[in-house]
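For reference, the chains in residue letters:
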Number of protein chains: 6
Amino acid sequence: MSMSDSPLTHFDASGQAHMVDVGAKAQTHRIAIAQGRISMQPATFELVRHGSPKKGDVLGVARLAGIMGAKRTADLIPLCHPIALTRVTVEFELLEAEQAVLCRASAETVGPTGVEMEALTAVNCALLTIYDMCKAADRGMVISDLRLLEKHGGKSGSFVSP
Amino acid sequence: MSMSDSPLTHFDASGQAHMVDVGAKAQTHRIAIAQGRISMQPATFELVRHGSPKKGDVLGVARLAGIMGAKRTADLIPLCHPIALTRVTVEFELLEAEQAVLCRASAETVGPTGVEMEALTAVNCALLTIYDMCKAADRGMVISDLRLLEKHGGKSGSFVSP
Amino acid sequence: MSMSDSPLTHFDASGQAHMVDVGAKAQTHRIAIAQGRISMQPATFELVRHGSPKKGDVLGVARLAGIMGAKRTADLIPLCHPIALTRVTVEFELLEAEQAVLCRASAETVGPTGVEMEALTAVNCALLTIYDMCKAADRGMVISDLRLLEKHGGKSGSFVSP
Amino acid sequence: MSMSDSPLTHFDASGQAHMVDVGAKAQTHRIAIAQGRISMQPATFELVRHGSPKKGDVLGVARLAGIMGAKRTADLIPLCHPIALTRVTVEFELLEAEQAVLCRASAETVGPTGVEMEALTAVNCALLTIYDMCKAADRGMVISDLRLLEKHGGKSGSFVSP
Amino acid sequence: MSMSDSPLTHFDASGQAHMVDVGAKAQTHRIAIAQGRISMQPATFELVRHGSPKKGDVLGVARLAGIMGAKRTADLIPLCHPIALTRVTVEFELLEAEQAVLCRASAETVGPTGVEMEALTAVNCALLTIYDMCKAADRGMVISDLRLLEKHGGKSGSFVSP
Amino acid sequence: MSMSDSPLTHFDASGQAHMVDVGAKAQTHRIAIAQGRISMQPATFELVRHGSPKKGDVLGVARLAGIMGAKRTADLIPLCHPIALTRVTVEFELLEAEQAVLCRASAETVGPTGVEMEALTAVNCALLTIYDMCKAADRGMVISDLRLLEKHGGKSGSFVSP
């Protein structure tokens, strides 16, 4: 297989990393939705569940960390393009049966390249912040199932996680 | 339970978020090791495995993203203290049976507070970068099992993941 | 009042913070002008007034801090959109009677959302820098009257401070 | 007055800006407390007062912006030293009579230089964030009375605002 | 010569620095190519030449630093506009006769202002990173001949270095 | 030569990049001085020479860019440690015979690792800013002779450029 056929688009024909050319791509509306979860001990789960401005709003802090993290994506991921995000949302769901917090984030832009990394980074920063805020109680929390749920817009079309 | 007994140390007695006082804590050597993995399709796994300066060194780029990400932790995690890291390492292992890449990162400092978040952020940024570099080939990759393996130094003593 | 009628547009219908959707808003020319002042002791005022490349150009440093600060707005204000600023200016006026420095900043873009926060952040960073540069002489300086003077462009129309 | 006697310590003897030498200063505990307020219309004040995770927690978001802003001080203020903050707090008080929100922030470190700018920046970022979150309802809000309340530690001794 | 005729466009008519207005300029494709070199001792040159994932890939690390540095240009150069880069490349050539590494970088955007500074910053960050990685062996390395090779797009037309 | 004997300390024994361990190194006073120059056409040189708050103070802006750039070094150079700088200075000299501006920067810290990269980055950012401010008049300016002049402190002892 010659390099020019390689699906590793972040490398040029001689295998060198580059920021790929998106200058000729259409300015279309693009959206990506990502998801992940963090599992914890039952007592930690209760602490998170009862968060409030009075008792300590873990998820409120994590939501902001996710939104702000999405804006830092191009600083963190070496070959990502800087993107003018037009919308970011971060939501949480308490999974009682699994003693886990599910985080789902969406990112949107109108531009020449997709926002998958922005949505994934938002989830990541939100989940890491939950870890940070609860770690004094529970250092064994585990982040898992972090992945892209769907993305739309752009030449490669839609992706919906099976 | 009164708030002052809460294990959510990132909130004060009235439940408000703050950056906790570490001014009186001892300046000790602190180390943390974190780990996570990213699973992918067999063809993607082959692309990563055969990375090289000629063909595109996915893991080399991801390693740098992890190291640089560790330095940005206090920018990303709202209540983290800025920390003068004295060492960061990021390693990968190819898990053939699971078609996954395992990432392990360590962070160290000599200071008044721990570096768990720095090690976790390093793993995170490294794995997200692998996702970014391979996503044109495989948007269904999944990051999982992201957690703290061990930490040493500091008043709360050592933690070793069971 | 239902949440969807709330003027707090930075929260969704369930009260959660989000970065609001500007993807469908028109790309128009937008400008905002903000202003603030810092009051000081007469001797400090003289130091600032006589600033020069030979004696220490306080206002020259503060102007740059304002311009550069405007570019960091989306890093600082959690729910602000990243914006491609097309112009930033920062001006000072010495208010002799009040022994104060007045700062006025303008920010402009062509895009889907306004630049009020960029103009306000520019003023803020400029005034804080004056404080920083003069604080060894005068720690009692006070910043006041920091507000939006006017903004134009966008669906909500013009605002001119009464 | 010769320049070497100038209280503008951020300039050298020939009037050029520099980051002053703190290498020989004692590593002492330093704390600074700053304060400011934002005035608004009665209806806006009610929106802020009734903030909650259900209705939109304006002050919760602003508190985080203040804490995170303190960590960015050396990025924003040109001649500030980078500082390893050991503690940051941000508090709000609702001033009913004035229809204003008072913000008070403290910053601490153990190091060779003071943290006045960090405390002031925290207040600033918190108040600007309140402006941002309420501006759709009230563009005429005014930030005022932003100043240092007190600082302790360091060779120049304590300062307490009269 | 009146100031309005000055070629120093970064200053207004009264000589004050500002971020110039590009709001009315055409959104055109713009590209800039810059170049520079770093000279070193023969033994250091051999270390760089034989870089590989096994022995330490100096140029791979430097390439990433260049690409990421281009994205930080507006943070570093006070009066630069933030720019949505659409492409960045960084290449190296080993100049055997001169015992030097030549770095060439290109930056592209579709927008109202040029990307000369982004290309130059990419070269700079790449060469500084080579210095950093080899400095334990050779502190006498010298960076030279850093300049713009060509730029195209925009009202001022093309520039090609003679 | 085995890797463990390699002078490329930024790579571990298997050739992987890492941030080297400085945790056990002595906290000593460290200083580095770097230098570089930018050559320009005679007319451009005159513009820079006559800079003033009235006509546009190119060197004043460039000095600040250098100082602020030094603080961003660990963000730009992938394997650099974050460093608490205690002092930064940036000076310029007009080289009439060569129609060039010479920039010299010093950086200092009290810590476990050197500040060569901080001094070099300061020079770099200052010279690039001169380029930016004068480029409308002269795109052919060339940066050269950028190198470390001397460094002191630390186990490897002093280096003075021959």
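The residue numbers shown here count from 1 along each chain, following its written sequence. Here chains are named by letter from A upward and ligands by number from 1 upward, in the order in which they appear as written. Thresholds applied to this predicted model are a pLDDT of at least 70 for local features of residues and 80 or more for the giving and counting of side-chain atom pairs; totals over whole chains, interfaces and linings are not thresholded and use all residues. Note that water and hydrogens are dropped before the side-chain values are worked out from all heavy atoms of the structure.

Caption draft 1: Broad picture of the relation of the copies chain C and chain D. The transformation that overlays chain C on chain D combines an axial shift of 0.0 Å with a rotation of 180°, and the residual RMSD is 0.0 Å. Interpreted geometrically, this transformation is the action of a two-fold axis. Of the C-alpha atoms belonging to chain C, the one lying closest to the rotation axis is found on Ser144(C), 1.9 Å away. Pairs of residues are marked as contacts when any of their non-hydrogen atoms sit within 4.5 Å. When you check the interface residues of chain C against chain D, 100% turn up at the interface there too, and the contact is symmetric in its surfaces. The superposition of copies rests on a least-squares fit of C-alpha positions from residues with pLDDT of 70 or more in both.

Caption draft 2: Local environment of the interface of chain C and chain D. Every contact between the two is made by 57 residues of chain C and, on the other side, 57 residues of chain D. Overall, the association of chain C and chain D removes approximately 4,600 Å² of surface from exposure, summing both partners, and the carbon and sulfur fraction of that is 67%. Two parts lose some accessible area (1.4 Å probe) when they are put together, and adding that loss for both gives the buried area. It is Leu8(C), Leu128(C) and Arg139(C) in chain C that bury the most area against chain D; as a group they hold 13% of the surface buried on that side. For this document, the term salt bridge refers to a Lys or Arg side-chain nitrogen within 4 Å of an Asp or Glu carboxyl oxygen. On inspection of chain C and its partner chain D, the count reaches 4 salt bridges. Between Glu116(D) and Arg139(C) there is a salt bridge, with its nearest N and O atoms 2.8 Å apart. Here a helix means four or more residues in a row that DSSP labels H or I, a strand means two or more in a row labelled E, and each is numbered from the N terminus. The set of elements that each furnish at least two residues to the side of chain C that touches chain D consists of α2 (58-71), α3 (73-76), α4 (116-134) and β4 (142-152) of chain C. When residues in the side of chain C that touches chain D are grouped by element, the largest group, 12 residues, is from α4(C). One ladder, built from 2 bridges, connects β4(C) with strand β4 (residues 142-152) of chain D; its direction is antiparallel. Bridge pairing in β4(D) links Ile143(C) to Leu146(D). One bridge is not enough; two strands pair if DSSP finds at least two bridges between them.

Caption draft 3: Focus on the pairing of strand β3 (residues 100-111) of chain E. All names here are of chain E. Per-residue accessibility, obtained with a 1.4 Å probe over protein chains only, is compared with the maximum for each type, and a residue is labelled buried under 20%, exposed over 50%, and partly exposed between these values. Taken across its 12 residues, β3 has 10 buried, putting it largely inside the fold. Two elements, strand β2 (residues 85-95) and β3, share 10 bridges in a ladder whose sense is antiparallel. Each bridged residue has a counterpart across the sheet, and for Val88 the counterpart in β3 is Ala107. Hairpin geometry of β2 and β3 is characterised by an intervening segment of 4 residues between the two adjacent antiparallel strands and by a positive phi of about 50° at Gln99.

Caption draft 4: Summary view of unusual backbone geometry. Not every positive phi belongs to a glycine, and Gln99(C) is a case in point at roughly 50°. Within the secondary structure, Gln99(C) is located in the loop between β2 (85-95) and β3 (100-111). Of note, Asp145(F) is a non-glycine position whose phi angle comes to about 55°, a positive value.

Caption draft 5: Summary view of the UniProt feature "binding site: substrate" (unreviewed entry) in chain A. UniProt positions are given in the numbering used here, feature names are shortened, and annotations may be inferred rather than shown by experiment. UniProt records the feature "binding site: substrate" (unreviewed entry) for Leu79(A), Cys80(A), His81(A), Met117(A) and Glu118(A) in the present numbering. Taken along the chain, the residues just named run across 40 residues; in space they keep tight, none of their C-alpha pairs more than 12.7 Å apart. Structurally, Cys80(A) can be placed in the loop between α3 (73-76) and β2 (85-95). Assessed through its relative accessible area of 7%, Cys80(A) is described here as buried. What Cys80(A) contacts, discounting residues up to four positions off in sequence, is Met19(A), Thr73(A), Ala74(A), Met117(A), Asp132(B) and Lys71(E). Secondary-structure assignment places His81(A) in the loop between α3 and β2. Classification of His81(A) as buried rests on a relative accessible area of 7%. Sequence-distant contacts of His81(A), that is, excluding residues within four places in its chain, are made with Met19(A), Val20(A), Val22(A), Ala74(A), Thr113(A), Glu118(A), Leu85(E) and Thr86(E).

Caption draft 6: Spotlight on the relation of the copies chain F and chain E. Overlaying chain F on chain E yields an RMSD of 0.0 Å, the required transformation being a rotation through 180° with an accompanying axial translation of 0.0 Å. Interface overlap between copies is the fraction of interface residues in one copy that are interface residues in the other; for chain F against chain E it reaches 100%, indicating a shared surface.

Caption draft 7: Summary view of the packing of helix α2 (residues 58-71) of chain A against helix α4 (residues 116-134) of chain A. Residue and element names in this part refer to chain A. Only C-alpha atoms enter the line fits that serve as axes; for helices the fit covers just the stretch in contact. Angles between N-to-C directions range over 0 to 180 degrees. One can describe the packing of α2 onto α4 by two numbers: an axis separation of 7 Å at closest approach and a directional angle of 145°. Crossing handedness for the pair α2 and α4: right-handed. Listed contacts from α4 to Val58, Leu59, Val61, Ala62, Ala65, Gly66, Gly69 and Ala70 of α2 are Glu118, Thr121, Ala122, Cys125, Ala126, Thr129, Ile130, Met133 and Cys134. Gly is placed with the polar residues, together with every amino acid not listed as nonpolar (Ala, Val, Leu, Ile, Met, Phe, Trp, Tyr, Cys and Pro) or charged (Asp, Glu, Lys and Arg). Here the contact of α2 with α4 is built from residues that sort into 12 nonpolar, 4 polar and 1 charged. Throughout, a crossing is termed right-handed when the near helix is turned clockwise from the far one, and left-handed when it is turned anticlockwise from it by less than a right angle.

Caption draft 8: Structural context of the interface of chain F and chain E. The partner chain E presents 57 residues to the 57 residues of chain F that form the contact. Both faces considered, chain F and chain E share a buried interface measuring about 4,600 Å² in area, 67% of it formed by carbon and sulfur atoms. Here Arg72(F) makes a salt bridge to Asp75(E), at a shortest N to O gap of 3.7 Å. What qualifies as a polar contact is a pair of N or O atoms within 3.5 Å, subject to a donor-acceptor requirement within protein and to the restriction that residues adjacent in sequence count only when both atoms come from side chains. For the pair chain F and chain E, the number of links is 9 residue pairs in polar contact (both at pLDDT 80 or more). Breaking the side of chain F that touches chain E down by element, the ones donating at least two residues are α2 (58-71), α3 (73-76), α4 (116-134) and β4 (142-152) of chain F. The dominant element in the side of chain F that touches chain E, judged by the number of residues it contributes, is α4(F), at 12 residues. Partitioning the side of chain F that touches chain E into residue classes produces 31 nonpolar, 14 polar and 12 charged.

Caption draft 9: Spotlight on α4(F). The end-to-end C-alpha distance of α4(F) is 28 Å, a good match for the 27 Å that 19 residues give at a rise of 1.5 Å each. Burial analysis of α4(F) places 19 of its 19 residues in the buried class, the great majority of the element. Here the expected span of a helix is defined as 1.5 Å times the quantity of residues minus one.

Caption draft 10: Summary view of the UniProt feature "active site" (unreviewed entry) in chain A. Within this numbering scheme, the UniProt entry marks Asp132(A) as carrying the feature "active site" (unreviewed entry). Among residues more than four places away in sequence, those in contact with Asp132(A) are His10(B), Ile77(B), Leu79(B), Cys80(B) and Met117(B).

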